[in-house]
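Remarks on the overall topology
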Amino acid sequence: MVSKLRKHSSLFLIIAYSFISFQLMSLSLRKPEIPKLGWSLLENIFSPIRKSIYEISQTSDYVWKRYVWLKDVSLQKDVLEIQLKELKSKNLSLTELEYENKSLRTILDFTEKSNSKGIVSQVISKEPSNWLMTLTINKGSKDGIKEFLPVTDGIGIVGKIAAVAETTSTVLLATDTSSSIGVLLQNSRLTGLAEGTLKKDLLELNYIDTSSGIAISKGEKVLTSGMDGIFKKGYLVGEIVEVGNKIDGLFQKILVKPVVDFSTIENVFIITESKDIEIPFEMPTEQTIVEKIKEKDDKTIDKIVSKNKTKLTDSN
Amino acid sequence: MSKNIIVFVVFSLCLIALESSLSSIIFPSKYFPDLAVILISYISLNYSQNISISASFFLGLIQDLSTGIYLGPNSLGAILSSSCIKSLSKNLFSEQILSTCILIFIASLIKTTSSFILIYFFDRSGDHDFFSILDFIYKAISSSVVGSIVFLFLVKSKKKHRA
């Protein structure tokens, strides 16, 4: 009997454990607090293990997100940096093209309006010296450039060609002290010479005869008069910014701000053939008319008063 | 012997804790491999039938206690799967990966199905619609894949140890 039991001990064991399992099942259904009690006991053992597993998983998640995943991010960053550089250089060239386009369009408009012919050239260097204000352009005698040809940027007068090499030329700027341009004031129709000053960005108007009593006002436009033999009549030079007191009773100190911005100039137009431009006379505004009438009235009143005064003294 | 029992008890507790903790982090708990089945398979293949049945019963009981609802279904499933592995291993060469994979798959399927049948028959009032045979198959597949990988490592380390 014992030997039989030993032989089939595993079978008996299976039956016994199965029986216990069934009993436990029925017990857990009848008394649900028993499995709950067991669970709470087991939970006390499990909770530290679970906590440490959770912490390990959180740490590994953190490491993954902060370091391993960031490897890809750094790669993406490199790619994006390259793309950014490419886009920046593209943007730079586009901006350059935009500026060039704008400047060339201005020159084109100028040639159409003034009905003049010439050569478009790029400024390749600027003379940094304080005493000589010149530009070097990339066109020379090979391209048909000659000395004393007028140079413009499409808006106003830049200067004239001072020296010509085979492939490059030097432009003497209007603001140079050795430069002088025959000019005409648009409203007052007075003529004179615009000469460069030591103040880099200003021209001085000389030899303007103000004895006729014609008033010169600020903001009046200054144009080429065509009397210097270089610049044809009617090209814009600048605007009067300062009108000084009369010196020697004949000439007045007048400063002109050129319309050309010499510091940013990039493209110029060398005029080879041109015609005089008709200068439109700007109608005086209502305010200036009133001021002039007032001035006249005051003078006549003064004259009458002085006449009466002399008459009274004579009678006395 | 008593030292082995203590080691087994501690290891079983850690295994069940690991299973219940990781099931919510890595996989959906439905398809998480049944680590108890892998351990049962290992014990059944390497120890005598009496020891493997007792160990399986104890392991199943811990699993039951960890759920806190029923006592018995997992322990019964564990006994049946253990005895099944023991009887099948006589006909299969257990050191081959494919055969261990099949053994664990069958053991897992027997354990989950028998547990379900026991719950179904005892607790008629409960809602058992959330159980499906497909879930059992998925669980068995994941258990067999993970189990075979664990077995591969164990076999390799055993060989190294012997050398």
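Residues numbered from 1 in each chain as written. Chains lettered and ligands numbered in written order. Predicted model: local features only at pLDDT ≥ 70, side-chain atom pairs only at ≥ 80, totals over all residues. Heavy atoms only, no water.

Within chain A one finds four helices and twelve strands. Residues classed as buried in chain A amount to 30% of the 316 residues present. Partitioning the intrachain contacts of chain A with sequence separation of at least 6 by distance along the chain shows that 58% fall at a separation of at least 24. (Helix = DSSP H or I, 4+ residues; strand = E, 2+ residues; numbered from the N terminus. Buried < 20%, exposed > 50% of the residue type's maximum accessible area, 1.4 Å probe, protein only. Contact = heavy atoms within 4.5 Å.)

Turning our eyes to something else, we now look at the nonpolar core. Among the nonpolar cores identified, the biggest contains 39 residues, and Val158 and Leu205 of chain A are the most heavily contacted of them. Ranked by residues supplied to this core, first place goes to strand E12 (residues 267-273) of chain A with four residues. Filtering out sequence-adjacent residues up to four positions away, valine 158 of chain A remains in contact with Leu135, Val151, Thr152, Asp153, Val171, Leu172, Leu173, Ala174, Val260, Phe262, Ile265 and Val268 of chain A. Counting 25 residues, the second largest nonpolar core, distinct from the first, contains Leu13, Ala17, Ile43 and Ile85 of chain B. (Core = buried A, V, L, I, M, F, W, Y, C linked by side-chain atoms within 4.5 Å.)

Below, the discussion takes up unusual backbone geometry. Residue and element names in this part refer to chain A. Of note, the phi angle at phenylalanine 148 is positive, near 65 degrees, even though the residue is not glycine. Mapping phenylalanine 148 onto the fold places it in the loop between strand E2 (134-137) and strand E3 (150-152). A relative accessible area of 49% places phenylalanine 148 in the partly exposed class. The phi torsion at arginine 189 lies on the positive side, around 60 degrees, for a residue other than glycine.

The next subject is the sheet that holds strand E1 (residues 117-126) of chain A. Residue and element names in this part refer to chain A. The strand order E1-E2-E5-E4-E3-E12 describes a closed barrel built from six strands, whose pairing is antiparallel. The sheet shows a mean angle of 45 degrees between the axes of neighbouring strands, taken without regard to direction. Contacting E1, E3 and E12, helix H3 (residues 33-114) runs over the sheet at an angle of about 20 degrees to E12. (Pairing = 2+ DSSP bridges. Axes fitted to C-alpha atoms, helices over the stretch in contact; angles between N-to-C directions.)

Bringing the pairing of strand E7 (residues 191-196) of chain A into the picture now. Residues and elements named next belong to chain A. Taken together, the five bridges between strand E6 (residues 180-185) and E7 define a ladder with antiparallel strand orientation. The residue of E7 that forms the bridge with serine 180 is glutamate 195. Counting the residues that bridge the hairpin from E6 to E7 gives five residues, and of these arginine 189 lies at a positive phi of roughly 60 degrees. Of the strand pairs in this sheet, E7 and strand E8 (residues 203-206) are connected by four bridges, and their pairing is antiparallel. Paired with glutamate 195 across the strands is glutamate 204, a residue of E8.

Contact residues are listed per partner, giving 26 residues for chain A and 33 residues for chain B. Buried surface at the junction of chain A and chain B, both sides included, amounts to about 2,600 Å², of which 78% is carbon and sulfur. Sorting the residues of chain A by area buried against chain B places Tyr17, Met25 and Ile53 of chain A first, and these three jointly supply 22% of that buried surface. The interface formed by chain A and chain B includes zero salt bridges. Scanning the region where chain A abuts chain B turns up eight residue pairs in polar contact (both at pLDDT 80 or more). Elements with a contribution of two residues or more to the side of chain A that touches chain B: helix H2 (9-30) and H3 of chain A. Examining the composition of the side of chain A that touches chain B, we find that 14 residues originate from one element, H2 of chain A, more than from any other. Partitioning the side of chain A that touches chain B into residue classes produces 16 nonpolar, eight polar and two charged. (Buried area = accessible area lost by both parts, 1.4 Å probe. Salt bridge = Lys/Arg side-chain N within 4 Å of Asp/Glu carboxyl O. Polar contact = N/O pair within 3.5 Å; in protein donor to acceptor, adjacent residues only side chain to side chain. Nonpolar A, V, L, I, M, F, W, Y, C, P; charged D, E, K, R; others polar.)

Residue and element names in this part refer to chain B. Relative to the assigned elements, serine 142 resides in helix H6 (residues 133-162). Among residues more than four places away in sequence, those in contact with serine 142 are Tyr31, Phe32 and Pro33. From its side chain, serine 142 meets the backbone oxygen of lysine 139 in a polar contact 3.0 Å long.

Interpreting fine coordinate detail is not advised for predicted regions of low pLDDT. For chain B, mean pLDDT is 82; residues scoring 70 or higher make up 88% of the total. Per-element confidence in chain B ranges from a low mean pLDDT of 81 for helix H1 (residues 2-22) of chain B to a high of 89 for helix H4 (residues 73-89) of chain B. (pLDDT = per-residue confidence, 0-100.)

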